[in-house]
Amino acid sequence: MLLEKKYYSFLTKNILCLCLIFFAFPLHADQSQKQRLQEPINQLHETLINIMVISDSTNFEERYKYLEPIISEYFDINLISRVVLSRYWKTIEEKDKIKFTDLFKKLTISTYVSRFNSYNNQIFKKISVERLKENRFLVKTEFRKLEGSPITFNYIVQKNNQKWRIISVIANGINDLSLKRAEYAAIIKKDGFDVLVTKLEQKIRDSQTN
Amino acid sequence: MTSFQCYKMLKQIAFLAMLCIMAGCATTQTSDNYANKDTLEPANRVFFDVNETLDQALIKPIAEVYVDVAPNFIRTGITNFFNNLAYLNVILNDLLQGKLNQGVSDIARFVTNSTIGIGGLFDVATSMGLEEHDEDFGQTLAVWGVDEGSYLYLPLFGPNSVRDSTDFVPSTLLNPFYYISSAILFPVTAIKAVNKRANLLEASNIRDEAAVDPYSFTREAYLQQREYLIHDGSPPVSGYDDVFSADDADDGSGLLKIE
């Protein structure tokens, strides 16, 4: 009788444990995934605030070097480059693909460094995370300034090779990827890929001097 | 009706006729892609070049001088004044879109700024919690399900679309300045134009720094911004990542659909 009682007590405890694992684990896994997919945005925002804070005491090149590892790590530049060049990606040679991808990364870093160039207590605030199509999430954030309306910065992140990376940035409803895609297609169609490369190189030089 | 009002009416009729013709052109489009919305691209690019030349040579330098000369509070007052005058059109479109609460709030905002705010020079309503909204007849038509039609780049007015340009009629008729004499109207319109250009200096400088093809950049930014406004800052997220599944983006290797 005692043995039977112990057996039932053991069984009940185990069932309870299993129930807890069954219900709590997906919740924990979901929370954990949400945290991981927001990591690129957290790192980017932290670094952008830092480069604004140090903008008075550093030059463009120093801030560029400071931001470069973050962009390399947390932006899927290879994928973005392919999407930005759209149908023209497969028409260019392998060496040009590598050249364009490198150029696009430099342009992205230069643009961030030249835009986030002064600190006046601005902050980034996370708003929400929404699931898009499979494997992609939209992370909604706001860039708040002391004066004026906040700017919404929404990021699309995607998991690739077990790592979450940013694949698109949408500022106040304007998708940077779509914008560049349209621009680059217009230039390639009219003047060719080499002219696009020349113009991008010029833009990178301009952002360093502005 | 004075000869000036007749002239303005004729201008509107001519403008509407032009829109009808362009709306006819617009029916040929088959894709949602913004570039495909630009069925009048050759003409649009000509008008874009004309506007850019005029802007660089005349309007932008005047706006820069205006920013240097006019103190910030004067420019803010002028901006508030013109925004308030245009607010009757916002109220009408609130109501046409069925946003009754917003409409009531905007009526209160207009009355508050017109009275306590001394003819709209001071935006006291915002500090009272009556936030500013951005509505126009183009957005109303979009809410009613009307397609935007072809993208238009209009001389002097800049980026637009067949649907959005219909706002010209209610915004003009609901603006009190429409009903005053031309002797006052022309200088006031000039101040409004210079003030508006001054407010856009930062945005245009960012565009000039970023754009490798300013025409395409302006078109994409305008059309995307319109979608954003139509959905009051919360466009449906379902279309956000369509660009990654677009047929012309995929090189056939399946690389864009990383699982």
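The rules behind each value
Residues numbered from 1 in each chain as written. Chains lettered and ligands numbered in written order. Predicted model: local features only at pLDDT ≥ 70, side-chain atom pairs only at ≥ 80, totals over all residues. Heavy atoms only, no water. Contact = heavy atoms within 4.5 Å. Buried area = accessible area lost by both parts, 1.4 Å probe. Salt bridge = Lys/Arg side-chain N within 4 Å of Asp/Glu carboxyl O. Polar contact = N/O pair within 3.5 Å; in protein donor to acceptor, adjacent residues only side chain to side chain. Helix = DSSP H or I, 4+ residues; strand = E, 2+ residues; numbered from the N terminus. Nonpolar A, V, L, I, M, F, W, Y, C, P; charged D, E, K, R; others polar. Core = buried A, V, L, I, M, F, W, Y, C linked by side-chain atoms within 4.5 Å. Buried < 20%, exposed > 50% of the residue type's maximum accessible area, 1.4 Å probe, protein only. pLDDT = per-residue confidence, 0-100. Pairing = 2+ DSSP bridges.

A. Structural context of the interface of chain B and chain A. Taken together, the contacts link 33 residues of chain B with 42 residues of chain A. When chain B packs against chain A, close to 3,400 Å² is buried across both sides, 56% of that on carbon and sulfur atoms. On inspection of chain B and its partner chain A, the count reaches zero salt bridges. Where chain B touches chain A, the interface holds seven residue pairs in polar contact (both at pLDDT 80 or more). Every element with two or more residues in the side of chain B that touches chain A is listed here: helix 11 (201-210) and helix 12 (214-230) of chain B. In terms of residue class, the side of chain B that touches chain A is built from 16 nonpolar, five polar and twelve charged.

B. Structural context of the nonpolar core. Of all hydrophobic cores here, the largest spans 62 residues; its most connected members are A:L44, A:L67, A:F100, A:Y112 and A:Y184. In contact with A:F100, other than residues within four places in its own chain, are A:S81, A:V84, A:L85, A:W89, A:Y184, A:F193, A:L196 and A:L200. Counting twelve residues, the second largest nonpolar core, distinct from the first, contains B:I78, B:L85, B:F177 and B:V194.

C. Layout of the confidence of the model for chain B. Residues and elements named next belong to chain B. For chain B, mean pLDDT is 83; residues scoring 70 or higher make up 81% of the total. Here residues 1-32 is a poorly scored stretch, pLDDT under 50, and it has 38 contacts once near neighbours within four places are set aside; other chains count. Here residues 247-259 scores under 50 on pLDDT; set against residues more than four positions off or in separate chains, the count is 30 contacts. We note a pTM of 0.81 for the whole complex and an ipTM of 0.80 for its interfaces.

D. Seen up close, unusual backbone geometry. Residues and elements named next belong to chain A. For S86, which is not a glycine, the phi torsion comes out positive at approximately 40°. Mapped onto the secondary structure, S86 falls in the loop between helix 3 (77-85) and helix 4 (94-115). Note on S86: relative accessible area 6%, which makes it buried. Backbone geometry places N172, a non-glycine residue, at a positive phi of 45°. Note that N172 resides in the loop between strand 4 (163-171) and strand 5 (174-175). N172 sits in the partly exposed class, given a relative accessible area of 26%.

E. How the structure looks around the environment of A:N117. Residues and elements named next belong to chain A. Structurally, the position occupied by N117 is in the loop between helix 4 and strand 1 (123-131). Exposure remark for N117: the relative accessible area of 41% places this residue in the partly exposed category. Along the chain, N117 and T209 lie 92 residues apart, while their C-alpha atoms are 13 Å from each other. At 3.2 Å, the side chain of N117 forms a polar contact with the backbone oxygen of S114.

F. Geometry of the pairing of strand 2 (residues 136-144) of chain A. All names here are of chain A. With eight of nine residues buried, strand 2 lies mostly within the body of the structure. When strand 1 meets strand 2, the two strands line up antiparallel, connected through eight bridges. Counted as the bridge partner of S128 is K140 from strand 2. Both strand 2 and strand 3 (residues 151-160) contribute to a ladder of eight bridges, which runs antiparallel. Within the sheet, the bridge partner assigned to K140 lies in strand 3 and is N154. From the end of strand 2 to the start of strand 3, which pair antiparallel, there are six residues, and G148 there has a positive phi angle of about 85°.

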